[in-house]
Amino acid sequence: MDLKKLFRQNSVTSTNKSPYENLTWRQKLAAMNLMVVFGGACSGAPQDISKINHIMTVEGRDMGISGEQMRSASFADMSEMVDALKGANRLALEKLLWPFYCIICLSRSLEAVQVLINIYAELGFTAQECSDILERKAGRKVIGI
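Residues numbered from 1 in each chain as written. Predicted model: local features only at pLDDT ≥ 70, side-chain atom pairs only at ≥ 80, totals over all residues. Heavy atoms only, no water.

The next point concerns the packing of aromatic side chains. Evaluation of the coordinates by the stated rule reveals three aromatic pairs. Judged by centre distance (6.4 Å) and plane angle (70°), the rings of F100 and Y120 are edge-to-face. Here Y120 lies in helix α7 (residues 110-122) and F100 lies in helix α6 (residues 90-107), a separation of 20 residues in the sequence. The same class applies to F100 as to Y120, namely buried. Seen in terms of ring centroids, Y120 and F125 are 5.1 Å apart; in terms of plane orientation they differ by 65°. Their pairing is edge-to-face. Members of the aromatic cluster, each reached through a chain of ring pairs, are F38, F100, Y120 and F125. Residue placement shows R90 over the ring face of F125; its charged tip is 3.8 Å from the ring centre. (Phe/Tyr/Trp six-rings, centres within 6.5 Å; stacked < 30°, edge-to-face > 60°. Helix = DSSP H or I, 4+ residues; strand = E, 2+ residues; numbered from the N terminus. Buried < 20%, exposed > 50% of the residue type's maximum accessible area, 1.4 Å probe, protein only. Lys NZ or Arg CZ within 6 Å of the ring centre and 35° of its normal.)

Structure representation (structure tokens):
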């Protein structure tokens, strides 16, 4: 799967309104910082880091957040990031599920997938809903959910 092509196809144009517009600034920062946390499970191989950076750049641009702004955010831990996302717009959370999952796939960690499912459970999604969202996006059966 060509991640660059997939993310480019789904980028927001001036005629499409991004679901991210419904997130608060703190929620956007929390989402971007969660991507960093998920990226931390990655092996550190240069090609994986490059893919994670690309995903984060695309999503950050869609949210209107620079890398510097994202790094300046202060969250005590991952649970504080999740708490910031509670009550967030459901469509935005659905959109975020894909980049979170793509980053996790680069780590090849089933434990990280379970963490993502647990986070989304806290945000009001069932594992089946997550699987359905990812399968619609991927266009095929998602393994590991």
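Now, onward.
Moving on, we come to the confidence of the model for the chain. Low pLDDT means the predicted coordinates in that region are not meant to be read closely. When pLDDT is averaged along the chain, the result is 86; 86% of the residues meet or exceed 70. No element of the chain has a lower mean pLDDT than helix α1 (residues 3-9), which averages 52, and none a higher one than helix α5 (residues 78-85), which averages 95. (pLDDT = per-residue confidence, 0-100.)

Our focus in this paragraph is the nonpolar core. One finds L96, F100 and Y120 to be the most contacted residues of the largest nonpolar core, which totals 45 residues. Leave out the neighbours within four places in its chain, and Y120 touches L93, L96, L97, F100, F125 and C130. (Core = buried A, V, L, I, M, F, W, Y, C linked by side-chain atoms within 4.5 Å. Contact = heavy atoms within 4.5 Å.)

One way to put it is that α6 packs onto helix α8 (residues 127-138) with a least axis distance of 10 Å and a crossing angle of 70°. Taken together, the axis directions place α6 and α8 in an arrangement best described as roughly perpendicular. For the pair formed by α6 and α8, the contact residues are R90, E94, L97, W98 and Y101 on the first element and E129, C130, I133, L134, R136, K137 and A138 on the second. (Axes fitted to C-alpha atoms, helices over the stretch in contact; angles between N-to-C directions. Parallel < 35°, antiparallel > 145°, perpendicular 65-115°, else oblique.)

Along the polypeptide, L91 turns up in helix α6. Spatially, the C-alpha atom of L91 lies 8.3 Å from that of Y20, the residues being 71 residues apart in sequence.

Quick look at unusual backbone geometry now. With the exception of glycine, the majority of residues adopt a negative phi angle, and the majority of peptide bonds are in the trans configuration. Even without being a glycine, R108 presents a positive backbone phi close to 55°. Secondary-structure assignment places R108 in the loop between α6 and α7. On the basis of relative accessible area, R108 is assigned to the exposed category, the value being 64%.

Side chains carrying opposite charge are able to pair once their charged atoms draw close together. This model, assessed by the stated rule, comprises eight salt bridges. Among the ionic pairs, D48 bridges to R108, the shortest N-O distance being 3.7 Å. Linking D48 in helix α3 (residues 46-63) with R108 in the loop between α6 and α7, this pair joins segments that are 60 residues apart in sequence. Across the pair K95 and E59 runs a salt bridge, and its minimum N-O distance is 3.6 Å. Of this pair, K95 sits in helix α6 while E59 sits in helix α3, placing them 36 residues apart in sequence. (Salt bridge = Lys/Arg side-chain N within 4 Å of Asp/Glu carboxyl O.)

With that settled, the discussion passes to α7. Helical geometry: 3.6 residues make up each α-helical turn, so side chains three or four residues apart lie on a common side. Between its terminal C-alpha atoms α7 stretches 19 Å, which fits the 18 Å expected from 13 residues at 1.5 Å a residue. Buried residues of α7: A112, V113, L116, I117, I119 and Y120, and no others. Summarising the axial view, the buried residues of α7 lie within an arc of 160°, below the 170-degree limit, and thus occupy one face. In this structure, α7 carries L110 and E111 as exposed residues pointing more than 90 degrees from its buried face. (Expected span 1.5 Å × (residues − 1). Arc of directions from axis to C-beta.)

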